[in-house]
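So you can see what is in the structure, the chains are spelled out below.
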Amino acid sequence: MKRKDYLTWDEYFMGIALLSAMRSKDPNTQVGACIVDKDNKIVSVGYNGAPIGFDDDKDMKWDREGEYLDTKYPYVCHSELNAILNSKNSVKGCTLYVTLFPCNECAKIIIQSGIDNIVYLSDKYEGTKENLAAKYMLDTCNIKYKKYEENNKEIKINL
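Here's what I pulled together on the structure shown here. (Residues numbered from 1 in each chain as written. Predicted model: local features only at pLDDT ≥ 70, side-chain atom pairs only at ≥ 80, totals over all residues. Heavy atoms only, no water.)

The next subject is the environment of K135. In this structure, K135 sits in helix α4 (residues 129-140). Classification of K135 by relative accessible area gives buried; the value is 14%. Excluding its chain neighbours within four sequence positions, the residues that come into contact with K135 are F101, D123, E126 and Y145. (Helix = DSSP H or I, 4+ residues; strand = E, 2+ residues; numbered from the N terminus. Buried < 20%, exposed > 50% of the residue type's maximum accessible area, 1.4 Å probe, protein only. Contact = heavy atoms within 4.5 Å.)

Here's what the structure looks like:
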C-alpha cells in the first residue's frame, strides 16, 4: 500500500519557492518563486536579488529606508521577474507559486508572460496602493490567484 502522507502538488511547489527564497541575500525580505506547467513540471525558479553583473556586496544597496537611490528598491530584481526570465521556454498557461503576493510591477510582467494562475503564501502588503493595483490588473486580465493553504504537515522520509 502506498504512503498517504506524501506532499500535495501545492505543498511541493510552494516548498520549492520557499527553498528558492533562501538563496536571497536581502537582509529583510526573502522571496522565492516557482513556475509550473499544466503537467506539474517545474519550468523555472527565481528569488529576489541583484541583477546579474551588479555586485551584491559592492554595488547593491540593501537599505529599506532613506533616499530612494540609497535603498534596494530601484535595484532589486523580484523573484517573479527572475523566474520568468530564467525560463528557457514560454511560461504561457503556467502557474506561479510565490512566497509573497506580487507587486504591481510584477503583475504586469506576469500578465505579459501569459501565466494563468498564482498561488501565494503571504499577502503582507495587502491594501497598499501597489497591492490594490496588482489585484486590479490581475482581476481585469482574468489571472486567477489564491492563498496557499498550509497543512503544517510533518515532513518525514525514509532513507
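Okay, back to it.
Turning to the packing of aromatic side chains, a few remarks are in order. As enumerated under the stated definition, the model contains seven aromatic pairs in all. Between the aromatic rings of F54 and Y75, the centroid separation amounts to 5.7 Å while the plane-to-plane angle is 20°, which identifies the pairing as stacked. With F54 in the loop between β2 (42-47) and α2 (79-86) and Y75 in the loop between β2 and α2, this residue pair connects regions lying 21 residues apart in the sequence. By relative accessible area, which is 21% here, Y75 ends up partly exposed. A centroid spacing of 5.2 Å and a plane angle of 80° characterise the contact between F101 and Y145, whose relative ring orientation is edge-to-face. One end of the pair, F101, is in the loop between β3 (95-100) and α3 (104-113); the other, Y145, is in strand β5 (residues 144-147), and 44 residues separate them in sequence. Residue F101 is classed as buried on the basis of its relative accessible area, which comes to 6%. Taken together, the ring pairs connect W9, Y12, F13 and Y97 into an aromatic cluster. The lysine or arginine in question, K135, covers the ring of F101, its NZ or CZ lying 5.0 Å from the ring centre. (Phe/Tyr/Trp six-rings, centres within 6.5 Å; stacked < 30°, edge-to-face > 60°. Lys NZ or Arg CZ within 6 Å of the ring centre and 35° of its normal.)

For the rest of this paragraph, the subject is the nonpolar core. Formed by 20 residues in total, the largest nonpolar core has its most connected members in I35, L96, V98, I110, I115, I118 and L138. Mapped by element, the contributors of at least two residues to this core are β1 (32-36), α2, β3, α3, β4 (117-122) and α4. When near neighbours in sequence (up to four residues on either side) are disregarded, I110 contacts E80, I84, L96, P102, I115 and I118. (Core = buried A, V, L, I, M, F, W, Y, C linked by side-chain atoms within 4.5 Å.)

Pairing analysis gives five bridges linking β1 to β2, with the strands arranged antiparallel. Paired with I35 across the two strands is S44, which belongs to β2. Between the antiparallel neighbours β1 and β2 lie five residues, among them N40 with a positive phi of about 60°. (Pairing = 2+ DSSP bridges.)

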